[in-house]
Amino acid sequence: MHLNETIRLTTDREEIRRWAESYGGKPQIIDDLHALDISGIRIDFPGPADDIFLPENKERDISWNEFFKEFDNRKLALVYRENVDPADNNTYRFIHRD
């Protein structure tokens, strides 16, 4: 854990988008049903850190509207670490709201 690091849990669309974009993140969907990410969506940050876990050419960019539609349909929440560069990996994860 880094100094000044804060763990946050949210479903707030503006907070998620603001956090992701502040680090250059963009929304993606994973088209491979056998991919490791059970949520089917992800936030792609610059750099290869999290790309090694994905099947080649199975993710694609989507709009934030599409992202949040999937986010809500799957009843997800975002857990993320503030003040940590997402390129370091393990910066965020999706969990079920239940």
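So, a few notes on the structure that sits alongside this text. Note that this is a predicted model, so its numbers are computed, not measured. (Residues numbered from 1 in each chain as written. Predicted model: local features only at pLDDT ≥ 70, side-chain atom pairs only at ≥ 80, totals over all residues. Heavy atoms only, no water.)

On to the sheet that holds strand E6 (residues 92–96), then. Taken together, 3 strands build an open sheet; the order of strands is E1-E5-E6 and the sheet is antiparallel. Either end of the sheet is taken by a strand with one partner, and the two such strands are strand E1 (6–10) and E6. Between one strand axis and the next, the sheet turns by 25° as a mean value, whatever way the strands run. Bridge count between E1 and strand E5 (residues 76–82): 5 bridges; the pairing is antiparallel. Counterpart to Thr-6 in the pairing with E5 is Glu-82. Packed onto the sheet, helix H1 (residues 13–22) meets E1, E5 and E6 and runs at close to 40° relative to E5. (Pairing = 2+ DSSP bridges. Helix = DSSP H or I, 4+ residues; strand = E, 2+ residues; numbered from the N terminus. Axes fitted to C-alpha atoms, helices over the stretch in contact; angles between N-to-C directions. Contact = heavy atoms within 4.5 Å.)

What follows covers H1. Among the residues of H1, Glu-15, Ile-16, Trp-19 and Ala-20 are the ones counted as buried. Summarising the axial view, the buried residues of H1 lie within an arc of 120°, below the 170-degree limit, and thus occupy one face. In H1, the exposed residues that point more than 90 degrees away from the buried face are Glu-14, Arg-18 and Ser-22. Elements that come into contact with the buried residues of H1 comprise E1, strand E3 (41–44), helix H2 (64–73), E5 and E6. Where H1 begins, the side chain of Asp-12 points an oxygen toward the backbone nitrogen of Glu-14, at a separation of 3.1 Å. In the stretch just after H1, Gly-24 is the one whose phi turns positive, near 80°. (Buried < 20%, exposed > 50% of the residue type's maximum accessible area, 1.4 Å probe, protein only. Arc of directions from axis to C-beta. Polar contact = N/O pair within 3.5 Å; in protein donor to acceptor, adjacent residues only side chain to side chain.)

Our next topic: the side chain of Gln-28. Here Gln-28 lies in strand E2 (residues 26–30). For Gln-28, a relative accessible area of 6% puts it in the buried group. Within polar-contact distance, the side chain of Gln-28 engages the side chain of Arg-42 at 2.4 Å. In terms of polar contacts, Gln-28 uses its side chain to reach the side chain of Asp-61, at 2.8 Å. Setting aside anything within four residues of it in sequence, one finds Gln-28 in contact with Gly-40, Ile-41, Arg-42, Asp-44, Glu-59, Arg-60, Asp-61, Ile-62 and Phe-67.

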